[in-house]
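The primary structure of each chain is shown beneath.
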Amino acid sequence: MASMGKVFPPLVLLNPKYKPCYPGRVASRNTKSVIKNSFNEKYFVQEKLDPLWDDGYGSQTAKDYLEAATDMIRPDNGPPRWFCPIESGPPIKNSPVLLFLPGIDGVGMGLILHHKALGKVFEVRCLHIPVYDRTPFEGLVKFATDAIRSEHASIPDRPIYLVGESFGGCLALSVAAFNPTIDLVVILVNPATSFNRSQLQPMLPFLEACPKELHKIIPYLFGLSLGNPMKMANVQGNSPLSPTKKLENLFLDVKSLVEGATLLADILPKETLSWKLKSLKSGAAHANSHLHAVKSEVLVLASGNDNMLPSAAEARRLLDLLENCKVSGHTLLVEDGINLLTIIKGTNKYRRSKTHDFVSDFLPPSKSEFKETFDEHLGLFRLATSPVMFSTLENGKIVKGLSGIPDQGPVLLVGYHMFFGTEIGAIVEEYLREKKIVLHGVAHPEIFAENIEAPLQVISGFDRFRVFGAVPVTARNVFKLMSNKRHVLLYPGGVREALHRKGEKYKLFWPEKPEFVRMASKFGAKIVPFGVVGEDDLMEQFLDYNDLMKIPLMKEFISQRNTVISRVRGGTQITGEVGNQDFFVPGICPKIPGRFYFLFGKPIETKGREELLKNKELCNELYLQIQSEITRNIDYLLKKREDDPYRHVFERTMYRALSGPVHQIPAFDP
């Protein structure tokens, strides 16, 4: 924001004459007219995002919010208006519009930490309600309704996103109730529909009687609603600063935030605060009375640390009352630890048409998502297993790294599924780190089921699967991935292989029919068989499926649980052990960790082999060849790992402390 100089913060009136609302067009606060800076210039619009794109998370902080609010609260006697943050956009092609409806402050800068990320995939527009504006709640509903109807009229086949925070959540629900035929995706952030059960309700009579001298302390109480100052100041994204410098900046930012709390007295002077609370009360009542009419897709983001509203309890209430609602946990929007776009992606809420498509609506992971997932969330596991990968060149030579895997798709990786699928993260990470390519895992549909996740999680492990490209295993999804020349990860052994029994490690459980060979040959995909070992150095299974089924209570529980689980190979298509795809939780005993080893075999070319589509014998031969290659790769790794001086965690930890990062730790010579 500082780089914009005097043009800070930007205000852009959303007049249909001036669409789309891109950076460079600002509304003068004095003339209330639209100033066009190089408006006739053609903006470069990207077709798509590249993997590990810079989402800007951490480049803006709550301190920037206070600085922006200082400029925006100057009296101008103007009405509510929309503005486009300069750092947002232009977005990628065919991006939907996102309208942000602010909380009780009305400034409209509540998404400041997320402007850059959201602006890459949405046309972001924020509502600003001036400090001395007295537009009633019904007037704001009409104002927002006019905006979405105008947008819907121009692009009827694209969804419109409404992000409402606190008071804005009430506004978003009311707007959705009055527009049931418009395709809206409503995201509620700690919605104030619980006002009558909040700590704000008793404040109304107190404010009426409160002297102006005492009013100055009230904004400090409202400052708590913004969030924890330490977590707000800790937003530093992918900063390359040293830990000492980061700590210094943290204390300076906390100091600025505490001092900046006095600004809230200017944002919410006594008369304005009293008006806002009355408007909030009427808005909550209005929204609650119209919940039955809300037909839109709704995502409720609720924080258990909200100091003003019982948001967690309210989220569960809305989940019961709204017919198309999902609940997710989060920290407050200006605190460290939440990237709103990541939550939207992880909950499968991002789409550019009537329905969500796992392939065409996929957004590749950003740098901050990569860092948060693999360096922070999975950092200890990665250090413990220190995965090392080898691949095979066209001439048959085995080399360290993934250079033997073709960059040009379509490519189909087919391999062995270790216990609990513990190898998946390592493959996806190294693919992104070395090749800068997204590897789409074809996953069991249960991973995408609503009831598999605990409520009020910020980002669950299953959300991370989706963020990094996992799709449900269906013929349609594989077809679309292949036709788009993507890299695909497939485990024919599925759940049976990932949850194998005692004594079955490194054994393939594949169906008899070559399910994937014809699909690969149809698109001329290169098939890369791979083996992986290391599960036996990580854990020991002492209670498996067969043991559990001998316990009556556990047998009944497993049977009941699996009756509601989607089946990849349902019916009578596959029988025997391969067809037994029951989910269960085994008893395991952890070991002092060893190391994960991967070997990707020589790519098998299917282009120009159209006979595979018609000749079942040739198709089966290739299918068996792939299985044999995977088994050979596993045997090779089991033998060669004995020569690795860094197989054990102690040696790797010492190397990591003295020499370099995990992915550079040496291994055996292939």
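Predicted, not measured: the structure shown is a model, and the values here were computed from it.

The rules behind the values
- Residues numbered from 1 in each chain as written.
- Predicted model: local features only at pLDDT ≥ 70, side-chain atom pairs only at ≥ 80, totals over all residues.
- Heavy atoms only, no water.
- Phe/Tyr/Trp six-rings, centres within 6.5 Å; stacked < 30°, edge-to-face > 60°.
- Helix = DSSP H or I, 4+ residues; strand = E, 2+ residues; numbered from the N terminus.
- Buried < 20%, exposed > 50% of the residue type's maximum accessible area, 1.4 Å probe, protein only.
- Core = buried A, V, L, I, M, F, W, Y, C linked by side-chain atoms within 4.5 Å.
- Contact = heavy atoms within 4.5 Å.
- Pairing = 2+ DSSP bridges.

**Q** In this structure, what is going on with the packing of aromatic side chains? I would like to understand it.
**A** One pair of aromatic rings is described through two measures. These are the centre distance and the angle between the planes. Taken as a whole and judged by the stated rule, the model has 21 aromatic pairs. Arranged with centres 5.7 Å apart and planes meeting at 10°, the rings of Trp82 and Phe143 form a pair that is stacked. Placement of the pair is Trp82 in strand 3 (residues 81–83) and Phe143 in helix 3 (residues 137–154), with a sequence separation of 61 residues. Classification of Trp82 as buried rests on a relative accessible area of 5%. Ring geometry for Trp510 and Phe516: centres 5.9 Å apart, planes at 85°, overall edge-to-face. The exposure class of Trp510 is buried, given its relative accessible area of 7%. On the accessibility criterion, Phe516 (5% relative accessible area) is buried.

**Q** Sorry, what's going on with helix 1 (residues 62–72) here?
**A** Three or four residues apart is the spacing at which side chains of an α-helix point the same way, because the helix has 3.6 residues per turn. Most of helix 1 sits out of view: eight of its 11 residues are buried. Burial in helix 1 covers these residues: Ala62, Asp64, Tyr65, Leu66, Ala68, Ala69, Asp71 and Met72.

**Q** I tried to follow the nonpolar core on my own but got confused; where do I start?
**A** Grouped together as the largest cluster of nonpolar side chains are 86 residues, with contacts concentrated most on Leu118 and Phe122. Looking at this core, the element that brings in the most residues is helix 4 (residues 167–177), giving eight residues. Those residues in contact with Phe122 that sit more than four places away from it in its chain are Pro91, Ser95, Pro96, Leu98, Tyr161, Leu341, Ile344 and Tyr350. Core analysis: the second largest hydrophobic core is formed by 68 residues, Val428, Ile527, Tyr623 and Ile630 among them.

**Q** Mind showing me how you'd approach the pairing of strand 19 (residues 597–600) here?
**A** Both faces of strand 19 are covered, namely the face carrying Tyr597 and Leu599 and the face carrying Phe598 and Phe600. Here strand 10 (residues 388–392) runs beside strand 19; their pairing, made up of four bridges, is parallel. Looking at the pairing, Ser391 lines up with Phe600 of strand 19. In this structure, strand 16 (residues 526–533) lies alongside strand 19, joined through four bridges in antiparallel fashion. Directly across from Val532, in strand 19, lies its bridge partner Phe598.

It is worth stressing that arrangement in space is one thing and function is another; only the former is reported here.
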